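Examining the three-dimensional arrangement
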Amino acid sequence: EVDRDGYHPVGYFSKEKESKEQYNLACIVSLPPYQRKGYGKFIISLSYEVTKRRGEIGSPEKPLSDLGKLSYRSYWSFVLLDYFDALSDAELGELTLDKLAYALGVKPEDVLSTLQHLKMIYQLKGQLAIKVNRDEVRAQLEPYRQRRFSAAFCKPELLSL
């Protein structure tokens, strides 16, 4: 953040350069005076943008704090719902867990837990299936859009990797 006194650090994050567990973020901290201003969302979105650009999938280092769980669940829910909203009906019919994981840069187990949280997983002939209802997606997206949830996300077009 910048003010008349200059630039001030607002937080910190760390990432392992090479992670066998596919961690795309090891530690994230927003300093107390700068919390609830979107810096955590920015760092989370940045970590996934870098992951996607590398053609990889990733996950935060576990275990997550209670606030970390809330922050990631909120991020994953939004990006899944937003992705579904942008797909055609034909594309929705072709969804798989792996396709979702690579499109979003999110590990399949995180996608699956979020789909379960969103009540979009059901059993079909002994297999798990994804059920996407456009009206439900839009209804769940509306509160995120009203809060301008993604306004704090990194801007992919400004990244050069």
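Just so it is clear, the model here is predicted, and its values are computed rather than measured.

Scoring rules and cut-offs
Residues numbered from 1 in each chain as written. Predicted model: local features only at pLDDT ≥ 70, side-chain atom pairs only at ≥ 80, totals over all residues. Heavy atoms only, no water. 1 Å grid on protein atoms, 1.4 Å probe; cavity = no way out; pocket = protein on both sides within 12 Å on 5 of 7 lines; lining within 4 Å. Points joined across faces, edges and corners; volume = space filled by probe spheres on them. Helix = DSSP H or I, 4+ residues; strand = E, 2+ residues; numbered from the N terminus. Nonpolar A, V, L, I, M, F, W, Y, C, P; charged D, E, K, R; others polar.

Right, let's talk about the layout of surface pockets for a bit. Taken as a whole, the largest pocket encloses approximately 900 Å³ of empty space. Gly40, Lys41, Ile44, Leu67 and Ser71 are the residues nearest the centre of the largest pocket, which is lined by 31 residues in total. Elements represented by at least two residues in the lining of the largest pocket include exactly β5 (27–30), α1 (39–53) and α2 (66–86). When residues of the lining of the largest pocket are assigned to their parent elements, the largest contribution, six residues, is made by α2. Residues that form the lining of the largest pocket fall into these classes: 17 nonpolar, eight polar and six charged. Quantified by volume, the second largest pocket comes out at close to 280 Å³. Of all the secondary structure elements, the ones that give two or more residues to the lining of the second largest pocket are α1, α2 and α4 (97–104). The biggest single contributor to the lining of the second largest pocket is α2, with five residues. Counted by class, the lining of the second largest pocket contains eleven nonpolar, two polar and three charged residues.

Limitation: the analysis is restricted to geometry and does not speak to function.
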